[in-house]
Amino acid sequence: MISFEHLTKRYGEATVVDDISFTVPSRTVTAIVGASGSGKSTLLRMVNRLVAPSSGRVCIDGEDIARIQPYMLRRRIGYTIQNYGLFPHYTVAENVATVPRLLGWPPARIEAKVDELLTLFRLDPGEFRNRFPHQLSGGQQQRVGVARALAAEPNILLMDEPFGALDPIIREKAQDDLKAIQSRFGTTLLLVTHDMEEAIRLADHIAVMEGGRLEQYAPPGEMLLHPATPLVEQLIGTSDKAFRVLSLVTLEAAAAPGPPPPGALPLPASLSLREALSELLWSRRNALAVIGDDGAPKGSVTLEAILRRAAGPEASQDGPAAERR
Amino acid sequence: MTRGYLRPAAFSRLGFVVTGLLAAALAGPLVSFHANRILPGDPRSVFACLPPALAAGLVLILAAAMAAAFFGGGWPRLAMASLGIAALGIACGVAASRLTATGGSWSRVSPGMGFWLGLFGLVVLFADAAVRIRFSPRARLSLVFLAGLCLAGFFYSGIWRDVSVVREYDARAADFWREGGIHIMLAAGSLMVACLIGIPLGIGLKFSQALRAPILNLLNVIQTIPSIALFGMLIVPLSWLAAHLPALAKAGINGVGVAPAFLALVLYSLLPVTANTLIGLRGVPAPVLDAARGMGLTSLQRLGRVELPLALPVILTGVRLVLVQNLGLATVAALIGGGGFGVFVFQGIGQGAPDLILLGALPSVILALAAAVVMDALIALTARPAP
Ligand SMILES: Nc1ncnc2c1ncn2[C@@H]1O[C@H](COP(=O)(O)OP(=O)(O)O)[C@@H](O)[C@H]1O
Ligand SMILES: [Mg+2]
């Protein structure tokens, strides 16, 4: 659990982070979203004391981090940045082993951890451990950067625009990988992005920042239905809200029990309703059969049920302006 | 074959330069014959001083080198340049022995203009070949080592025993090695002291904005003082110190000699080492430093594990500059009694004996050249491309 309490950062006259308070529950993903210069990185960097607050404090599991030696704190917290900052003179294995070596792990344990992480990130250890960063593609560098941040098994991982430099196709795969690894290790993940789509895809909570202030901190579904300010509403999108709502729900969660109607389209349970809707429209069917990972049927979903879920609140029938009141 | 002649790209412009130099070598005097060591020389061409078979062999080899310079790739050029240098060396030695045998024991035979032009042409060809082949840093280090072995081989084989420079060496072999040791001690020792001062100073200047400009300016001013003037300027304070501190005088430190020379070289070396350390440290990419800090490296760990290793190629570039510069400047140290190869140069000038000048100048040039190649290879070995 990370709690921000009246956290403020000033540089001279400018207030870059302005009296921000909210609490990030353990083992969840929080995305900090906002325009460039809104103070996202500064907020993130106050968690590992790369930036010292002007006032207010950050507590981790109730402990004020100002009482912890910065370098000790940082070894407990994973940190990745936009350009990864891999050490060009270290091999992939040495890069990943950085923090475990600082912590004095025995060599055998370090080696096992490096191989485990490389395998987890689909980098064959035999092929990649002894490469240097300049011998890696952008996507591979990104994965090494995340592996390095996770090497000492931190409970908290801070990521500053981790996918910013990746092209769209690799980016989606990298997001899926990150989500899988986060839930596997139960890491509390705080990630900065300026891409609302990415935030909705990954996060349990979204914190929207503007001019150093926190506009709203809420789960994506709630933010879609009840944006707190015009800015949040603008960020979260006005024209494709219905699709964004659908993208938050998996078939597994939406499945109605019972045998599917005849002619239902079989689809995997991990698909989102948004993807399922597209499949139904394309195949001209009215219902689908949900199939689990093991191939067993898990119920069905009708086109009508999907459409009903996509509908906004009653008040919004008068248009977006009425909803804001 | 014909197509090769028609294509201009296959025709190297370097060929004209090398051919011109090698042709001049064959036309000009290979050696010059002196009745004694200070009398002016009498030029002797390749054909006048070599047995016909050897002269023909030399002509053939140099012609092949010309052809390689026009049409050859890297390896043929390298092979012909090496062969040519060896042939020129042998020819010079044989010519010297033949002429000395007839001219009596006072006579001297020194390499002539033709020899130097030919050597220059072949070295140009060799350097060009090395660039074309793109030797790895390790290969370049081996090449320097190999060249050193070849040089020693020629020297100790006795083939040059009647060449004038070697006769000068024979007359003062012990002095030669002693002054050589002093020369290297002056250049490398002052470099070491400069590193011990300059690298920490560079690290310090990275943190102190206020001291940066004044100190770099001071070191810059020192650099602009001509070497003779700096040697001279140090004589006064050092003799004063020696006069007032008997302990210093007893340690051999006084106004003239090794001490002021060494000190001057250290002062000259400080700017490149300090400035390059600072530049190297400031060139470490910001994301790398941010990541290092964010992972919990202390500032000392960042310096030792990240900043200095990444700055090393730039620091070594400064060290290279200083080493090559000091190997040259150490020659001037002899003027104030500092010793080194310069001793022979200035003795030679005083006696009007050009061969003695060469005895001092040649090893200085060879050392500086070898140091430059070795340092370049080391810099290439430590450099890492950015990701
Ligand atoms: N060290 C600093 N000194 C002065 N101003 C800073 C410093 N770091 C950040 N800022 C300013 O604070 C504001 C927020 O920066 P940042 O947190 O990096 O924004 P974001 O990550 O949202 O783009 C920017 O206007 C930036 O110029
Ligand atoms: Mg930022």
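Just so it is clear, the model here is predicted, and its values are computed rather than measured.

What about the interface of chain B and chain A?
Part 1: With 20 residues of chain B at the contact, the number on the chain A side is 25 residues.
Part 2: Summing the contributions of chain B and of chain A, the shared interface buries around 2100 Å²; its carbon and sulfur component is 65%.
Part 3: Three residues, Met295, Arg384 and Pro387 of chain B, lead the burial of chain B against chain A; their summed loss comes to 31% of the area buried on that side.
Part 4: Inspection of the chain B/chain A interface yields 1 salt bridge.
Part 5: Of the charged contacts in the structure, one is a salt bridge between aspartate 290 of chain B and arginine 45 of chain A, with a shortest N-O distance of 2.8 Å.
Part 6: Taken together, chain B and chain A are joined by 6 residue pairs in polar contact (both at pLDDT 80 or more).
Part 7: When contributions to the side of chain B that touches chain A are tallied by element, the ones reaching two or more residues are α14 (286–294) and α15 (299–329) of chain B.

Focus: the confidence of the model for chain B
Residues and elements named next belong to chain B.
Part 1: Across chain B, the average pLDDT comes to 89, with 96% of residues at 70 or higher.
Part 2: Across residues 1–9, confidence stays below pLDDT 50; counting only partners more than four residues off in sequence or on other chains, it has 2 contacts.
Part 3: For this predicted complex, the interface confidence reaches an ipTM of 0.83, while the overall pTM sits at 0.83.

Things to note about the packing of helix α9 (residues 173–207) of chain B against helix α13 (residues 258–282) of chain B
Residue and element names in this part refer to chain B.
Part 1: Two elements in contact, α9 and α13, have axes separated by 6 Å at closest approach and are oriented at 40°. In terms of orientation, α9 and α13 fall into the oblique class. In the crossing of α9 with α13, the sense of the turn from one axis to the other is right-handed.
Part 2: By residue class, the composition of the contact of α9 with α13 is 20 nonpolar, 7 polar and 1 charged.

What about the state of the cysteines?
Part 1: Summed over the entire model, instances satisfying the criterion amount to 0 disulfides over all chains.
Part 2: Cysteine cysteine 150 of chain B is unpaired, with the sulfur of cysteine 92 of chain B as its nearest cysteine sulfur at 17 Å.

Comments concerning the site of ligand 1
All names here are of chain A.
Part 1: By nearness alone, every residue bordering ligand 1 is listed as Tyr11, Val16, Ala35, Ser36, Gly37, Ser38, Gly39, Lys40, Ser41 and Thr42.
Part 2: In this structure, a nitrogen atom belonging to ligand 1 sits 3.5 Å away from a side-chain N or O atom of tyrosine 11.
Part 3: A total of 550 Å² of accessible area belongs to ligand 1 in isolation, and the protein chains cover 54% of it.
Part 4: In terms of residue count, helix α1 (residues 40–45) provides more of the shell around ligand 1 than any other element does, 3 residues in total.
Part 5: Residues of the shell around ligand 1, tallied by class, amount to 3 nonpolar, 6 polar and 1 charged.

Focus on the packing of helix α10 (residues 209–224) of chain B against α13 of chain B
Residues and elements named next belong to chain B.
Part 1: The geometry of α10 relative to α13 is characterised by a closest axis approach of 8 Å and an angle of 140° between their N-to-C directions. Our classification of the angle between α10 and α13 gives oblique. Relative to α13, the crossing made by α10 is left-handed. Together, Arg212, Leu216, Leu219, Asn220, Ile222 and Gln223 of α10 and Leu267, Tyr268, Ser269, Leu270, Leu271, Pro272, Thr274, Ala275, Leu278 and Arg282 of α13 make up the contact between the two elements.
Part 2: Residue composition of the contact of α10 with α13, grouped by class: 10 nonpolar, 4 polar and 2 charged.

So, the sheet that holds strand β6 (residues 77–80) of chain A
Residue and element names in this part refer to chain A.
Part 1: Pairing is mixed in the open sheet, where 6 strands are placed in the order β6-β7-β8-β3-β9-β10. The outermost strands of the open sheet, each flanked by one partner alone, are β6 and β10 (213–218). Taking the axes of each pair of neighbouring strands and ignoring which way they run, one obtains an average angle of 15° across the sheet.
Part 2: The pairing of β6 with strand β7 (residues 156–160) spans 4 bridges and is parallel. In the strand pairing of β7, glycine 78 is matched with leucine 157.
Part 3: In the packing of helix α7 (residues 138–150) onto the sheet, contacts are made with β6 and β7, and the angle to β6 comes to roughly 165°.

Observations regarding the domain arrangement of chain B
Residues and elements named next belong to chain B.
Part 1: When the domains of chain B are assigned, the result is domain 1 (3–134) and domain 2 (173–383).
Part 2: For domain 1 versus domain 2, the separation of C-alpha centres amounts to 36 Å.
Part 3: Regarding the contact of domain 1 and domain 2, the summed buried area is about 500 Å², with carbon and sulfur atoms giving 54% of it.
Part 4: Broken down residue by residue, the surface that domain 1 buries against domain 2 is led by Arg37, Ile38 and Trp116, which jointly contribute 71%.
Part 5: Linking domain 1 with domain 2 are 0 salt bridges.
Part 6: Summed over the shared surface of domain 1 and domain 2, the result is 1 residue pair in polar contact (both at pLDDT 80 or more).
Part 7: Tallied by class, residues from the side of domain 1 that touches domain 2 come to 2 nonpolar, 1 polar and 2 charged.

What to know about the sheet that holds strand β12 (residues 287–291) of chain A
Residues and elements named next belong to chain A.
Part 1: Sheet architecture is open: 3 strands sit in the order β11-β12-β13, paired in mixed fashion. Of all the strands in the sheet, just β11 (265–268) and β13 (297–302) have a single pairing partner and so form its edges. Direction aside, neighbouring strands of the sheet carry axes that sit 30° apart on average.
Part 2: Of the strand pairs in this sheet, β12 and β13 are connected by 4 bridges, and their pairing is antiparallel. The residue bridging alanine 289 from the neighbouring strand is serine 300, located in β13.
Part 3: Contacts between helix α14 (residues 273–283) and the sheet are confined to β11 and β12, with β11 contributing the most and set at about 155° to the helix.

Thresholds, definitions, all that
Residues numbered from 1 in each chain as written. Chains lettered and ligands numbered in written order. Predicted model: local features only at pLDDT ≥ 70, side-chain atom pairs only at ≥ 80, totals over all residues. Heavy atoms only, no water. Contact = heavy atoms within 4.5 Å. Buried area = accessible area lost by both parts, 1.4 Å probe. Salt bridge = Lys/Arg side-chain N within 4 Å of Asp/Glu carboxyl O. Polar contact = N/O pair within 3.5 Å; in protein donor to acceptor, adjacent residues only side chain to side chain. Helix = DSSP H or I, 4+ residues; strand = E, 2+ residues; numbered from the N terminus. pLDDT = per-residue confidence, 0-100. Axes fitted to C-alpha atoms, helices over the stretch in contact; angles between N-to-C directions. Parallel < 35°, antiparallel > 145°, perpendicular 65-115°, else oblique. Left-handed = near helix turned anticlockwise from the far one by under 90°. Nonpolar A, V, L, I, M, F, W, Y, C, P; charged D, E, K, R; others polar. Disulfide = S-S within 2.5 Å. Near = heavy atom within 4 Å. Areas by Shrake-Rupley, 256 points an atom, 1.4 Å probe, with all protein chains shown as cover. Pairing = 2+ DSSP bridges. Domains from an automatic or database assignment.

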